[in-house]
Amino acid sequence: MSGSGTHTEEVGPPTIDGTAPHSARIYDWWLGGKDNFAVDRAVGEAMISAIPTLRQMASENRRFVHRVARHLVAEAGIRQFLDIGTGIPTQPNLHEIAQSIAPDTRVVYVDNDPIVLAHARALMISTKEGRSSYIHADLRQPEAILRDATLLDTLDLTRPVALTLIAVLMLLRDDDDPVGTLQILMDALPSGSYLAITHPTQDFNPEEMSTAVAAATRGGMTLVPRTRAEVEQFFAGWELIEPGLAPVMAWRPDSGAPTDPYAAYYWAGVARKP
């Protein structure tokens with residue numbers, strides 16, 4: 001590793017496709033952002049028609065990221081993060097939370113939307129003691145992520161890393177082998193590393209989730225909700241920390257137990273590599 005501050009790969013800008021929906025831009029719209037196209041808003045609106053509380057669910061995922069970052073930095077001593085499926089930056093970003101506690105924290109963000117790349121250059125500004133880098137890459141190609149020069153320049157893979165995948169594994173169909181894909185990333189990390197996941201589920205409201213999946217499919221977007229047992233498979237071989245796999249709102253909430261922890265249709269968990 002070398003250097004400090006922010007770094008992004010120096011490549012020509014990928015082409016932005018405004019004709020197909022992208023999950024990062026749909027999330028941006030749900031969160032009140034402006035970096036989205038009509039096709040993203042159309043799919044997002046159709047999904048909200050199925051699940052009226054989707055905007056709140058998107059916000060709950062962001063709050064989970066903040067809680068996880070605070071816990072892993074302050075309590076577990078983690079100083080390195082690999083965040084795949086970053087999405088369009090929404091302040092405070094993961095590195096801002098982590099570096100507010102430990103300024104020397106290093107973060108690598110990964111996403112495959114060119115709009116995220118454009119914002120990464122402007123917004124992912126690190127402390128001088130730490131590092132914040134961005135890779136334009138796809139989760140479906142984990143080996144390429146792991147051998148990327150920017151990642152290897154930013155993170156020390158002989159020391160513990162927190163791997164975070166927030167509402168992204170839902171974009172992999174079963175025939176994409178999401179468990180095997182994730183395992184490649186997990187195997188590359190040393191003992192003491194952590195894995196944090198949120199994943200939409202049909203467990204809490206099968207009818208609404210089924211309607212949302214249909215709306216996403218009609219719009220040309222992949223959305224694969226998974227059951228508790230299916231999400232647990234992603235953590236195989238690692239030790240879930242308390243409270244285990246839980247509704248996202250119930251994972252170490254900031255202000256006591258939520259009134260209805262099942263109001264956001266996501267499972268959430270954090271596990272440590274033995």
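Residues numbered from 1 in each chain as written. Predicted model: local features only at pLDDT ≥ 70, side-chain atom pairs only at ≥ 80, totals over all residues. Heavy atoms only, no water.

K.L.:
Teacher, can you tell me more about helix 9 (residues 206-218) here?
P.N.:
Residue pairs spaced three or four apart in an α-helix point in one direction, given the helix's 3.6 residues per turn. Here helix 9 contains 13 residues, and its C-alpha end-to-end distance of 18 Å stays within 8% of the 18 Å for a straight helix at 1.5 Å per residue. Three or more residues of helix 9 are buried, namely Met 209, Ala 212, Val 213, Ala 215 and Ala 216. Down the axis of helix 9, the smallest arc covering the buried residues is 160 degrees, so these residues share one side. Summarising the geometry of helix 9, the exposed residues directed more than 90 degrees from the buried face are Pro 206, Glu 207, Thr 217 and Arg 218. In this fold, the buried residues of helix 9 make contact with helix 2 (38-50) and strand 6 (194-200). Following helix 9 by one or two positions, Gly 220 adopts a phi angle in the positive range, close to 85 degrees. (Helix = DSSP H or I, 4+ residues; strand = E, 2+ residues; numbered from the N terminus. Expected span 1.5 Å × (residues − 1). Buried < 20%, exposed > 50% of the residue type's maximum accessible area, 1.4 Å probe, protein only. Arc of directions from axis to C-beta. Contact = heavy atoms within 4.5 Å.)

K.L.:
Would you mind going over unusual backbone geometry with me for this structure?
P.N.:
In most cases, non-glycine residues show a negative phi, while peptide bonds are predominantly trans. Residues Glu 242 and Pro 243 are joined by a peptide bond in cis, for which omega reads 5 degrees. Note that Pro 243 resides in the loop between strand 7 (239-240) and strand 8 (246-247). Even without glycine at this site, Asp 177 takes up a positive phi of about 55 degrees. Its location among the elements puts Asp 177 in the loop between strand 5 (162-166) and helix 8 (178-187). Judged by its relative accessible area of 43%, Asp 177 falls in the partly exposed class.

K.L.:
Help me understand the nonpolar core, please; the structure alone is not making it clear to me.
P.N.:
Where a protein is soluble and globular, its nonpolar side chains tend to be buried together. Core analysis: the largest hydrophobic core is formed by 86 residues, its most contacted members being Leu 163, Leu 165 and Leu 182. With 8 residues, the top contributor of residues to this core is helix 3 (residues 54-74). Setting aside its immediate chain neighbours within four residues, Leu 165 contacts Ile 84, Leu 139, Leu 182, Leu 195, Ala 196, Ile 197 and Thr 198. (Core = buried A, V, L, I, M, F, W, Y, C linked by side-chain atoms within 4.5 Å.)

K.L.:
Would you take a moment to explain the side chain of Thr 105 for this structure?
P.N.:
Mapped onto the elements, Thr 105 comes out in the loop between helix 4 (94-101) and strand 3 (106-111). On the accessibility criterion, Thr 105 (0% relative accessible area) is buried. Polar side-chain contacts of Thr 105 include one of 2.8 Å to the backbone oxygen of Ala 102. Discounting chain neighbours no more than four positions away, the residues touching Thr 105 are Val 73, Arg 79, Gln 80, Phe 81, Ala 98, Gln 99, Gly 130 and Arg 131. (Polar contact = N/O pair within 3.5 Å; in protein donor to acceptor, adjacent residues only side chain to side chain.)

K.L.:
Explain the packing of helix 1 (residues 23-30) against helix 2 to me, please; I cannot follow it from the model alone.
P.N.:
Packed helix pairs are specified by the crossing angle of their axes together with the interaxial distance, meaning the distance between the axes. Running from N to C, helix 1 and helix 2 cross one another at 65 degrees; their axes reach a closest spacing of 9 Å. By crossing handedness, the relation of helix 1 to helix 2 is classed as right-handed. Counting all contacts with helix 1, which are made through Arg 25, Ile 26, Trp 29 and Trp 30, the residues of helix 2 involved are Asp 40, Arg 41, Val 43, Gly 44, Glu 45, Met 47 and Ile 48. Here the contact of helix 1 with helix 2 is composed, by residue class, of 6 nonpolar, 1 polar and 4 charged. (Axes fitted to C-alpha atoms, helices over the stretch in contact; angles between N-to-C directions. Left-handed = near helix turned anticlockwise from the far one by under 90°. Nonpolar A, V, L, I, M, F, W, Y, C, P; charged D, E, K, R; others polar.)

K.L.:
Any chance you could explain the environment of Asp 138 here in plain terms?
P.N.:
Following the sequence through the fold, Asp 138 ends up in the loop between strand 4 (131-136) and helix 6 (142-147). The class for Asp 138 is buried, based on a relative accessible area of 18%. For the pair Asp 138 and Asp 111, spaced 27 residues apart in the sequence, the C-alpha separation amounts to 6.3 Å. Once residues within four sequence positions are removed from consideration, Asp 138 is found in contact with Asn 112 and Ile 145. Only 2.8 Å separates the side chain of Asp 138 from the backbone nitrogen of Arg 140, close enough to count as a polar contact.

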